[in-house]
Structures are given as structure tokens and as C-alpha cells.
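A look at the structure
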Amino acid sequence: MKIAIYGQYYQNSTEPIIKDIFVFFNRNNIEIVIESHFLALIQEKKIIEKEYKTFSSHSELDSSFDMLLSIGGDGTILRAATLVRDSGIPILGINAGRLGFLATVQKENIDEFLQVVIDKKYTLSKRTLLSLTSAPENEALNDINFAMNEISVSRKDTTSMITIDTYLNGEILNSYWADGLIISTPTGSTGYSLSCGGPILTPDVKSLVITPIAPHNLNARPLVIPDETEIMLKVSGREENYLVSLDSRITSVRNESVLTIKKTPFQINMVEIPTETFLKTLRSKLLWGEDKRN
Ligand SMILES: NC(=O)c1ccc[n+]([C@@H]2O[C@H](COP(=O)([O-])OP(=O)(O)OC[C@H]3O[C@@H](n4cnc5c(N)ncnc54)[C@H](O)[C@@H]3O)[C@@H](O)[C@H]2O)c1
Ligand SMILES: Nc1ncnc2c1ncn2[C@@H]1O[C@H](COP(=O)(O)OP(=O)(O)OP(=O)(O)O)[C@@H](O)[C@H]1O
């Protein structure tokens, strides 16, 4: 078995996590390949002495890899998705972060979960992604042109709202007058979209959510649409530019550009451990069922 390891940060809490993982994998003769920046961080702290192979870009993650282990929070998993891209390599998140909604393995019982991995007793949860094209073309969108959580447009350098003309498969839906608009995947439905009043979708649902950010048309509500829909946006406002985000990445786009958002032809495989299901995560991390009165 060959496993890629990726992380973005080093903190004191990283040491026991790294040690647990490396001891477990070395004991079980698993080949480890570490992302070069992350390896430099942990070597600097002298946590590991052995020499390890490294990778530094998505092009080095080929079909010989069985899995990518992401050590961090949700932001780290979103970055990990930009490394595996359309390779199909499953991602398993070890939560060294704060909420870690997408990172299923808690740092307290790493051994137990890694045993499930090497025994191949996990399932894959296929995640829908969104891609964006802009006319005229925007160079910043050429390289990593997909999002696992959401694509959003929002106002830039102003408190003034923007107007977002929105078309679904060529038919006008609405002109939102708002701070912005979020097009969310089922995975992203527990992120930014949820904070703006959007519904939660289970990850396997074949839908997308369109959620306005603070709309001044008070009757505009989050809308669930089929994930085959082609969404077209045209933004206008007082400033010349507005912001477009794809998960944690952001770029500036000129007004009147035409943005087209579609489902990507590939999906990201997230590793799901039988005891750590999406429904359990809703209860444990979004505190469903917690009520001080009972
Ligand atoms: N007001 C908001 O809720 C808000 C605003 C901006 C971005 N976000 C989310 O943050 C993501 C980018 O992450 P970042 O690390 O760069 O920003 P960040 O550091 O501001 O973290 C945002 C928070 O959102 C949580 N989060 C991210 N994806 C999630 C998901 N699918 N389900 C549940 N929680 C999730 C993270 O755990 C983190 O606590 C965006 O894709 C967006 O979904 C949320
Ligand atoms: N490898 C790591 N070791 C220790 N702590 C980490 C590591 N990676 C991330 N963290 C901690 O988690 C925080 C958040 O990490 P990250 O950016 O991956 O997630 P996030 O998007 O903020 O989501 P979350 O709220 O789930 O942590 C970091 O600021 C850091 O405190």
C-alpha cells in the first residue's frame, strides 16, 4: 500500500499525530510519500529522522497511490482536493484543526482508524465538484478551476450591493440584489451556504444549492436545483470588479463578464469510515440534538 501525506501547518499538536501515523505505517510496511513543504516543516522540528520520498505537485500523484492522508482542518482538505484533482485517489482527513467537518478521523484514536484503512473496511463517498468558465477568459481561473464546497460571487471594495443576473439552463431565474451569491455543492452545504440560511444536503444528493448572501429582495430564498443544471451569472455594480471564490481561493473579475458554472466530469472520493458517517458528524459537529432543556 502506498499513501501520500499532506498538511499545511506545523503546531505543537502536530507532533503526536505525525508520530502515531508514522509508527503505525512503518509497523505495517506501508510506503509513505510526503508533500515536500509539509516534510520540510516537520523535518525542521526534528520529529522524523528517516528519509522519505516526496511529491510536490498534483502531476506526481499517479495511480500507484492508494490514498492521500490530509492532516489539518477543512481548509487543508479543500487544498488536498486540488492535489488529487481527477486522479480518483481517495482522501482521508485526520482532524488536527478546529471544526474539521470533512476530516473524519479524530486525532485521539488514529491507530483504530488506520487499521480500518489497511483492512480496506471503508467506503468511498463521491463528492460532486463545480467548475467555472468566464467570458472573457480569466487567467487566474485556468489552473485550479474547480470547487468542492462552493463557487461564490461577492462585492469588492464597496459596501454597495451587487446585482447578479442568474440564468438556469438559459432561462432567467432572478436578478439578485445582494452582497453576493453562493452556488454550493452538497459537500459545501454545511459551509458558507449554511451560514447564509441554506439547507443541508447529504453528500450523495444529486443537487446544488443557490444561496443569496444578505439579499435585499427579502423574498429571495435558497433554491435547490438538479446538479445537471448549467448556471450563468452576470454581475453589475458600482465598482468595476467583483470577487469570485472557489472554496478558499479568490480572484477579481470585471463586471459584465459572463460566468458559467457546471458540475465537473470527475468527482472526489472521500474515505468514509463505517463508524464516522455523515449523520453522526451532523450530530457531533453541528451539535444536533444538543438541548440544555433536556
Ligand atoms: N460565513 C461563513 O460561514 C463562511 C465564510 C467564508 C467561507 N466559509 C467557508 O470556508 C471555506 C474555506 O475554508 P477556509 O479554511 O479557507 O476558511 P476559514 O479558515 O474561514 O474557515 C471556515 C470554516 O468553515 C468550515 N468549513 C469549511 N468547509 C466546510 C464544510 N464543507 N462543512 C462544514 N464546515 C466547513 C471550516 O471548518 C472552518 O471552521 C469555504 O469554502 C466556505 O464554505 C464560510
Ligand atoms: N498539521 C496540523 N497540525 C496541527 N494543527 C493544524 C494542522 N493543520 C491545521 N491545524 C490547525 O487547524 C487550524 C485550521 O486548519 P485548516 O486551515 O486546515 O482548517 P479550517 O479551514 O480553518 O477548518 P477547521 O475549522 O476545520 O480547522 C489551523 O489554523 C491550525 O490551528
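Higher on the page you've got the structure.
What you see is a predicted model; the values in this text were computed from it and never measured.

So, on to the site of ligand 1. Close to ligand 1 lie 16 residues, the nearest being Asp74, Asn149, Glu150, Thr190 and Ser195. Within the side chain of arginine 98, an N or O atom sits 3.5 Å from an oxygen atom of ligand 1. Separating a nitrogen atom of ligand 1 from a backbone N or O atom of threonine 187 is a distance of 3.0 Å. The protein chains hide 67% of the 760 Å² of surface that ligand 1 would expose on its own. At the level of secondary structure, the elements contributing two or more residues to the shell around ligand 1 comprise α3 (74-84) and α5 (192-195). Top element by residues in the shell around ligand 1 is α3. It accounts for three residues. Split by domain, the residues of the shell around ligand 1 number at least three in each of domain 1 (2-127 + 267-285) and domain 2 (130-263).

Taken in spatial order, the six strands line up as β15-β14-β13-β10-β17-β18 in an open sheet, and their pairing is antiparallel. Of all strands in the sheet, those with a lone pairing partner are β15 (223-226) and β18 (249-254), marking the two edges. Each neighbouring strand pair of the sheet contributes to a mean axis angle of 20°, computed without reference to strand direction. Inspection of the sheet shows strand β14 (residues 207-213) paired to β15 by four bridges, in the antiparallel sense. Paired with valine 209 across the strands is valine 224, a residue of β15.

The buried count for α3 comes to eight of 11 residues, which makes it a mostly enclosed element. Residues of α3 that are buried: Thr76, Ile77, Leu78, Ala80, Ala81, Thr82, Leu83 and Val84. Just past α3, the residue arginine 85 takes up positive phi, approximately 45°.

Following the criterion strictly, the structure yields 12 salt bridges and no others. Ionic pairing is found between aspartate 157 and lysine 156, a salt bridge with its closest N-O pair at 3.8 Å. A relative accessible area of 65% places aspartate 157 in the exposed class. The partly exposed category is assigned to lysine 156, whose relative accessible area is 23%. Here aspartate 291 makes a salt bridge to arginine 293, at a shortest N to O gap of 2.6 Å. For arginine 293, a relative accessible area of 72% translates into the label exposed. What you see here is one network of salt bridges that share partners, running through Asp227, Glu228 and Lys263.

About the thresholds
Residues numbered from 1 in each chain as written. Chains lettered and ligands numbered in written order. Predicted model: local features only at pLDDT ≥ 70, side-chain atom pairs only at ≥ 80, totals over all residues. Heavy atoms only, no water. Near = heavy atom within 4 Å. Polar contact = N/O pair within 3.5 Å; in protein donor to acceptor, adjacent residues only side chain to side chain. Areas by Shrake-Rupley, 256 points an atom, 1.4 Å probe, with all protein chains shown as cover. Helix = DSSP H or I, 4+ residues; strand = E, 2+ residues; numbered from the N terminus. Domains from an automatic or database assignment. Pairing = 2+ DSSP bridges. Axes fitted to C-alpha atoms, helices over the stretch in contact; angles between N-to-C directions. Buried < 20%, exposed > 50% of the residue type's maximum accessible area, 1.4 Å probe, protein only. Salt bridge = Lys/Arg side-chain N within 4 Å of Asp/Glu carboxyl O.

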